[in-house]
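The primary structure of each chain is shown beneath.
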Amino acid sequence: ESKDSKSVPINQFLQLSLKYPIIDVRSPSEYKRGHLVYNGKEAISIPLFDDEERAIVGTTYKKKGKSQAVLEGLQLVGKKLRNIAESASAVCTNHSENDSKSESEEKNILVYCMRGGMRSNSVAWLLNLTQMKAITLEGGYKSFRKHSREVYERLPRKVVLLGGATGSAKTKILQEMRLQGEQFIDLEELANSQGSSFGRTGEPPPQEYFENKLSEAWEMTNDKGILWLESESQRIGNCTLPEELWRLMSEAPTVYLKFPMESESQRIGNCTLPEELWRLMSEAPTVYLKFPME
């Protein structure tokens, strides 16, 4: 590493991401499976190796050791160094132009690979040579994944589920509640699913990326009020809710929507509700609260 290189833990890295751009130097397939997302920002892919090159370096490492793998990597990446540096510089420039809060012309950039090892350190060294200030992530993407999985325990929320039969407009009701200031994470939207009875509305995201987006959404909520979730099975379309969240949902109270009211309710004791009132009541939704069994 050059003397200007700096490596920071995940919490500090995420805070810095609020000010500086992030690049992911892993291979394209690694990036596609899942990458760093935080507070509405996503890492940009600038791979040091493509998938085939990564496989070649990995095979060399297993068969001939680290030194030969490094030499193989240098051979493969040598012609791409300028493109990598120029791409990273363009990311910094675009970020500065789009960020009205930018206070410095210095090109700060955040870099990570899978484990915070040779790939991110090599790119950081290169970028520091070209007058950028690169900061790497200790433990790499794996530390981000650990941070994401722990979010449900680290940031406890007052979860309440909204349940009801298919077609009872649960999602629309929750979206309207969000407009009124309630907290709501739309699980079906994140999973690109419209519910089991309607089928998917688009290409489902990879499981890992879904989990990252879900933890990001959770982290953007607060503990000052209820966090509403739609009552779902653990599997939504092609995505599966993480065990940590599913356990919380299984323990949360549920508000059920029911349409319409039952006809025998029109009579109360020896009296009967007027038809006009009963008609209005029969068209209105009914909610009841269910707590999980001990």
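What counts and what doesn't
- Residues numbered from 1 in each chain as written.
- Predicted model: local features only at pLDDT ≥ 70, side-chain atom pairs only at ≥ 80, totals over all residues.
- Heavy atoms only, no water.
- Helix = DSSP H or I, 4+ residues; strand = E, 2+ residues; numbered from the N terminus.
- Buried < 20%, exposed > 50% of the residue type's maximum accessible area, 1.4 Å probe, protein only.
- Contact = heavy atoms within 4.5 Å.
- Areas by Shrake-Rupley, 256 points an atom, 1.4 Å probe, with all protein chains shown as cover.
- Axes fitted to C-alpha atoms, helices over the stretch in contact; angles between N-to-C directions.
- Parallel < 35°, antiparallel > 145°, perpendicular 65-115°, else oblique.
- Nonpolar A, V, L, I, M, F, W, Y, C, P; charged D, E, K, R; others polar.
- Salt bridge = Lys/Arg side-chain N within 4 Å of Asp/Glu carboxyl O.
- Core = buried A, V, L, I, M, F, W, Y, C linked by side-chain atoms within 4.5 Å.
- Pairing = 2+ DSSP bridges.
- Right-handed = clockwise from strand over helix to strand, strands pointing away.

### Focus on the overall build of the protein chain
- Within the protein chain, the regular secondary structure consists of 13 helices and 16 strands.
- Expressed as a percentage of the 294 residues in the protein chain, the buried residues total 41%.
- Considering only intrachain contacts with a sequence separation of at least 6, the fraction spanning at least 24 residues in the protein chain is 69%.
- As presented, the protein chain carries roughly 17000 Å² of accessible surface, and 51% of it is formed by carbon and sulfur atoms.

### Topic: unusual backbone geometry
- Positive phi outside glycine occurs at asparagine 39, with the angle close to 55°.
- Its place among the elements puts asparagine 39 in the loop between strand E3 (37-38) and strand E4 (41-42).
- A relative accessible area of 42% means that asparagine 39 is categorised as partly exposed.
- Phi at glutamine 131 takes a positive value of approximately 70°, unusual for a residue other than glycine.
- Relative to the assigned elements, glutamine 131 resides in the loop between helix H6 (118-129) and strand E7 (132-137).
- Judged by relative accessible area, which is 67%, glutamine 131 ranks as exposed.

### What about the packing of helix H5 (residues 81-98) against H6?
- Viewed as axis vectors pointing N to C, H5 and H6 meet at an angle of 75°, and their least axial separation amounts to 10 Å. Taken together, the axis directions place H5 and H6 in an arrangement best described as roughly perpendicular. When H5 is examined against H6, the residues Leu81, Ile84, Ala85 and Ala88 are found in contact with a partner set consisting of Val123, Leu126 and Leu127.
- Across the contact of H5 with H6, the residue classes break down as 7 nonpolar, no polar and no charged.

### Details of the pattern of salt bridges
- Considering all chains together, one arrives at 12 salt bridges under this definition.
- In this structure, arginine 119 and glutamate 30 form a salt bridge, with 2.9 Å as the shortest nitrogen-oxygen distance. Placement of the pair is arginine 119 in helix H6 and glutamate 30 in helix H2 (residues 28-33), with a sequence separation of 89 residues. Of the two residues, arginine 119 and glutamate 30, both sit in the buried class.
- Between lysine 146 and glutamate 150 there is a salt bridge, with the nearest N and O atoms lying 2.6 Å from each other.
- By relative accessible area, which is 46% here, lysine 146 ends up partly exposed.
- Where salt bridges share partners, they join Glu30, Arg54 and Arg119 into one cluster.

### Here's the deal with the nonpolar core
- By size, the foremost hydrophobic cluster in this structure holds 23 residues, and its most contacted members are Ile23, Ile84, Ala88, Ile109, Val111, Val123 and Leu127.
- For this core, the elements supplying multiple residues, two or more each, are helix H4 (66-77), H5, strand E6 (107-112), H6 and E7.
- The element that contributes the greatest number of residues to this core is H5, accounting for 5 residues.
- Ignoring any residue separated from it by four or fewer positions in sequence, one finds alanine 88 in contact with Ile23, Ile46, Ile109, Leu127 and Met132.
- Judged by nonpolar contacts, the second largest core, of 18 residues, contains Trp218, Cys239, Leu241 and Leu245.

### Structural notes on the pairing of E6
- Of all 6 residues making up E6, 5 are buried, and the element is well covered by its neighbours.
- Alignment of strand E2 (residues 22-24) against E6, held across 3 bridges, turns out to be parallel. Within E6, the residue paired with isoleucine 22 across the bridge is leucine 110.
- Bridge analysis of E6 against E7 gives 5 bridges, and the strand direction is parallel. The residue of E7 that forms the bridge with asparagine 108 is lysine 133.
- Remark: the E6/H6/E7 crossover connection has right-handed handedness.

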